[in-house]
Amino acid sequence: MSETLTPTSTDYFSAVQAAIADALGIDEAEAVPEATLLGQLGAESIDLLDILFRIERATKVKITVADIAALLQGGIPDEEFGDENEVVNDTGLTHLEKVLPQFDRSQLSEPLTAEGVLGLFTVQNLTDLLTERAAAQHAA
């Protein structure tokens, strides 16, 4: 019988790591906290859906791609987050620095596009989002 993880559980990382490894067919050791899902681990959009499904099945906590997008954009309207060419502006970059602890705009070698934002999302970011959602669900 599997027990439901508590919001304070450190097992969330292992649940995320296992879901990523299973969905992408990689070794769990490759799904390190700082690895980006779409970049370094090679996940594609359909893989992300598979990962989120596996996480929900393992933890009973539902996270959607829209939840990830909402975290990344923070409710900032598209026209305030980026320009007409979908290049993230100062408002968007400032928000990303708040929600993605690893993000450092000074490390950007070229303008960040809206499409590139999801590429910044790491295993740790997903674990943090899961932990936050689980705590909210547990408190409800």
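Our subject is the structure listed above.
Residues numbered from 1 in each chain as written. Predicted model: local features only at pLDDT ≥ 70, side-chain atom pairs only at ≥ 80, totals over all residues. Heavy atoms only, no water.

A.B. asks: Help me understand the nonpolar core in this model?
C.D. replies: Soluble globular proteins tend to pack their nonpolar side chains together in the buried interior. Formed by 37 residues in total, the largest nonpolar core has its most connected members in Ile20, Leu41, Ile68, Leu96 and Leu126. For this core, the elements supplying multiple residues, two or more each, are helix H1 (11-24), helix H2 (45-59), helix H3 (65-73), helix H5 (90-99) and helix H7 (123-139). The greatest single-element share of this core, amounting to 7 residues, is contributed by H1. Setting aside chain neighbours within four positions, we find isoleucine 68 in contact with Leu48, Leu52, Ile63, Leu118, Phe121, Leu126 and Leu129. (Core = buried A, V, L, I, M, F, W, Y, C linked by side-chain atoms within 4.5 Å. Buried < 20%, exposed > 50% of the residue type's maximum accessible area, 1.4 Å probe, protein only. Helix = DSSP H or I, 4+ residues; strand = E, 2+ residues; numbered from the N terminus. Contact = heavy atoms within 4.5 Å.)

A.B. asks: Could you clarify how one ought to interpret the layout of surface pockets in this entry?
C.D. replies: The rolling of a water-molecule-sized probe over the atoms marks out the regions of remaining empty space. As a volume, the largest pocket reaches approximately 300 Å³. Lining the largest pocket are 14 residues, with Gln73, Asp78, Phe81, Ala114 and Val117 positioned closest to its centre. Elements with a contribution of two residues or more to the lining of the largest pocket: H3, helix H4 (78-81) and helix H6 (114-117). The element best represented in the lining of the largest pocket is H3, accounting for 5 residues. Residues belonging to the lining of the largest pocket are distributed by class as follows: 9 nonpolar, 2 polar and 3 charged. (1 Å grid on protein atoms, 1.4 Å probe; cavity = no way out; pocket = protein on both sides within 12 Å on 5 of 7 lines; lining within 4 Å. Points joined across faces, edges and corners; volume = space filled by probe spheres on them. Nonpolar A, V, L, I, M, F, W, Y, C, P; charged D, E, K, R; others polar.)

A.B. asks: When you look at H3 in this model, what are you seeing that I'm missing?
C.D. replies: Structural remark: α-helix, 3.6 residues per turn; residues separated by three or four positions point the same way. Inspection of H3 places Asp67, Ile68 and Leu72 among the buried residues, and these make up the whole buried set. Along the long axis of H3, the arc covered by the buried residues comes to 135 degrees, so they all point the same way. Packing partners of the buried residues in H3 comprise H2, H4, H5, H6 and H7. Taken from the residues just after H3, glycine 74 is the one with a positive phi, measuring 60 degrees. (Arc of directions from axis to C-beta.)

A.B. asks: What should I look at first to understand H1 in this one?
C.D. replies: Counted at 1.5 Å a residue, the expected span for H1 with its 14 residues is 20 Å, and the 20 Å between its end C-alpha atoms agrees. Among the residues making up H1, those that are buried are Tyr12, Ala15, Val16, Gln17, Ala19, Ile20, Ala21, Ala23 and Leu24. In this structure, the buried side of H1 is in contact with H2 and H7. Glycine 25, located one to two residues past H1, shows a positive phi value of around 65 degrees. (Expected span 1.5 Å × (residues − 1).)

A.B. asks: Please clarify how the environment of glycine 74 should be interpreted in this entry.
C.D. replies: As for its placement among the helices and strands, glycine 74 is situated in the loop between H3 and H4. Overall, glycine 74 belongs to the partly exposed group, its relative accessible area being 40%. Along the backbone, glycine 74 and alanine 139 are 65 residues apart, and their C-alpha atoms lie at a distance of 22 Å. If we ignore the near neighbours within four places in the chain, the residues touching glycine 74 are Ala69 and His95.

A.B. asks: Is there a simple way to think about a nonpolar patch on the surface in this case?
C.D. replies: Residues Ile46, Leu49 and Val65 make up a contiguous nonpolar surface patch of roughly 260 Å² in combined accessible area. Within the secondary structure, valine 65 is located in helix H3. For valine 65, a relative accessible area of 30% gives the class partly exposed. (Patch = residues over 30% accessible without salt bridge, like charges linked within 9 Å, V, L, I, M, F, W, Y side chains within 5 Å. Areas by Shrake-Rupley, 256 points an atom, 1.4 Å probe, with all protein chains shown as cover. Salt bridge = Lys/Arg side-chain N within 4 Å of Asp/Glu carboxyl O.)

A.B. asks: Looking at this model, I keep getting lost on the packing of H3 against H5. Mind explaining?
C.D. replies: Helix packing geometry: the angle between the two helix axes and the distance between the axes. Taken N-terminus to C-terminus, the directions of H3 and H5 make an angle of 115 degrees; their axes are 8 Å apart at the nearest point. Between H3 and H5, the angle falls in the class roughly perpendicular. The residues of H5 that touch H3, namely those facing Leu71, Leu72 and Gln73, are His95, Leu96 and Val99. Its residues assigned to classes, the contact of H3 with H5 comprises 4 nonpolar, 2 polar and no charged. (Axes fitted to C-alpha atoms, helices over the stretch in contact; angles between N-to-C directions. Parallel < 35°, antiparallel > 145°, perpendicular 65-115°, else oblique.)

Purely geometric numbers; function is a separate question.
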